[in-house]
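Listed below are the residues making up each chain.
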Amino acid sequence: MAKPGPRNLITDVAGLSVGHATDAAAASGVTVLLCEAAWRAGVDVGGGGPGLRETESLAPENLVGRADAIVLAGGSVFGLGAADGVAALLSARGVGLALKPGAPKIPIVPAAVLHDLGNGGDKDWRLEPPYRRLGMAAVEAAQADFALGSVGAGRGAMAGLIKGGIGSASLDLGGGLMVGALAAVNCVGSARMPGSDAFWAWPFEIDGEFGGQRPAGEVDASDPAPDEGRLKSLGRLQPGANTTLAVVAVSADLSTAECKRLAMMAQDGLARAVRPAHTPFDGDVVFALASGAVALGESNDRAVQIARLGSAAADCLARAIARGVWEAS
């Protein structure tokens, strides 16, 4: 039976590290995932109000199809500046594409942002948003062990009407195949079942990792948007005002197109953990990374293995989302 890796974090996929930088005064922050080398990568956008950078470089029909780092940030459009800091610091470290001798290295740093501008904190930064600085600080803080909850990109996050945050989970499939997920949960939908402390993701929970709550008796899930009135009163039902950002990673040798498929399958994990998901008000996005450490081969069994990895990635993401909310609250 598959079990989480030793950390139950995305960094159980060897070669990854994660760093947070949190601005307590602004009630916002940045989370950066670093790859040991440029990994094959893909992305799938499921929400109606995304805020993105360099995602087209991961399209299967385009040239690069790899990433040196993934940036998740608060701050809405201002948070995209975090990737500038990450790219500058990685280039100074000699990371990135070398197109001409003597020219600066060019790191590929896709990014996605969530909207936390209305969730408290001092956002009066005028011409100097803090995100470029926070991006560099998150790189400096990156390591295999990292905190969950109200840190980094999850500092100002909300999950419907309760606190959201950073979550992560992993699953060891054996034979060297490790799957992991990282999520910054700021969704308009609810991660908990109506009238219950149980998470929608409870069937996928392993070893009480997000509190072990179970539905008590019958749960009525017939209302597709039970908190709509309260969310309207809080100003949450606006395009781009919410979002779940996620990264899934595997140790397999996937192509860029196969990473795209992995990200698409992992979106189902978001829908299992949040209800409703992928709304016009969310900027939901899932990045997928593959280290290439384990060869899957080229037979028909390869497609079977990719299907298995995608299913595991969806389960990991559902668990990571619930963990993020649990740890934040």
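Whatever comes next refers back to the structure up there.
Residues numbered from 1 in each chain as written. Predicted model: local features only at pLDDT ≥ 70, side-chain atom pairs only at ≥ 80, totals over all residues. Heavy atoms only, no water.

Brief notes about the overall build of the protein
Item 1. Scanning the protein from N- to C-terminus turns up five helices and 11 strands.
Item 2. The C-alpha atoms of the protein give 19 Å as radius of gyration, which agrees with the globular expectation for 329 residues (20 Å, within 12%).
Item 3. Its C-alpha atoms give the protein principal-axis dimensions of about 60 × 55 × 35 Å.
Item 4. Within the protein, the fraction of its 329 residues that count as buried is 54%.
Item 5. For the protein, the proportion of contacts with a sequence separation of at least 24, taken over those separated by at least 6, is 78%.
Item 6. Accessible surface, the protein as shown: approximately 13000 Å² in total, 53% of it carbon and sulfur. (Helix = DSSP H or I, 4+ residues; strand = E, 2+ residues; numbered from the N terminus. Rg over C-alpha atoms; globule rule 2.2 N^0.38 Å. Buried < 20%, exposed > 50% of the residue type's maximum accessible area, 1.4 Å probe, protein only. Contact = heavy atoms within 4.5 Å. Areas by Shrake-Rupley, 256 points an atom, 1.4 Å probe, with all protein chains shown as cover.)

Focus on a nonpolar patch on the surface
Item 1. There is a patch of nonpolar side chains on the surface, built from Leu-97, Leu-99 and Ile-106 and spanning about 280 Å² of accessible area.
Item 2. If you trace the backbone, Ile-106 turns up in the loop between helix 1 (82-92) and strand 5 (111-113).
Item 3. Accessibility expressed as a relative area gives 38% for Ile-106, which makes it partly exposed. (Patch = residues over 30% accessible without salt bridge, like charges linked within 9 Å, V, L, I, M, F, W, Y side chains within 5 Å. Salt bridge = Lys/Arg side-chain N within 4 Å of Asp/Glu carboxyl O.)

Details of the pattern of salt bridges
Item 1. Following the criterion strictly, the structure yields 14 salt bridges and no others.
Item 2. The shortest N-O distance in the salt bridge between Arg-7 and Asp-12 comes to 4.0 Å.
Item 3. A residue is classified by how much of its surface remains accessible, and Asp-12, at 10% relative accessible area, is buried.
Item 4. In this structure, Glu-54 and Arg-53 form a salt bridge, with 3.6 Å as the shortest nitrogen-oxygen distance.

Some thoughts on the side chain of Asn-8
Item 1. Mapped onto the fold, Asn-8 is located in the segment before strand 1 (16-23).
Item 2. Given the relative accessible area of 11%, Asn-8 is considered buried.
Item 3. A polar contact of 2.8 Å, which involves the side chain of Asn-8, links it to the side chain of Glu-209.
Item 4. A polar contact is formed between the side chain of Asn-8 and the side chain of Arg-319, at a distance of 3.0 Å.
Item 5. Contact partners of Asn-8, with chain neighbours within four places excluded, come to Ser-168, Ala-169, Ser-170, Glu-209, Arg-319 and Arg-323. (Polar contact = N/O pair within 3.5 Å; in protein donor to acceptor, adjacent residues only side chain to side chain.)

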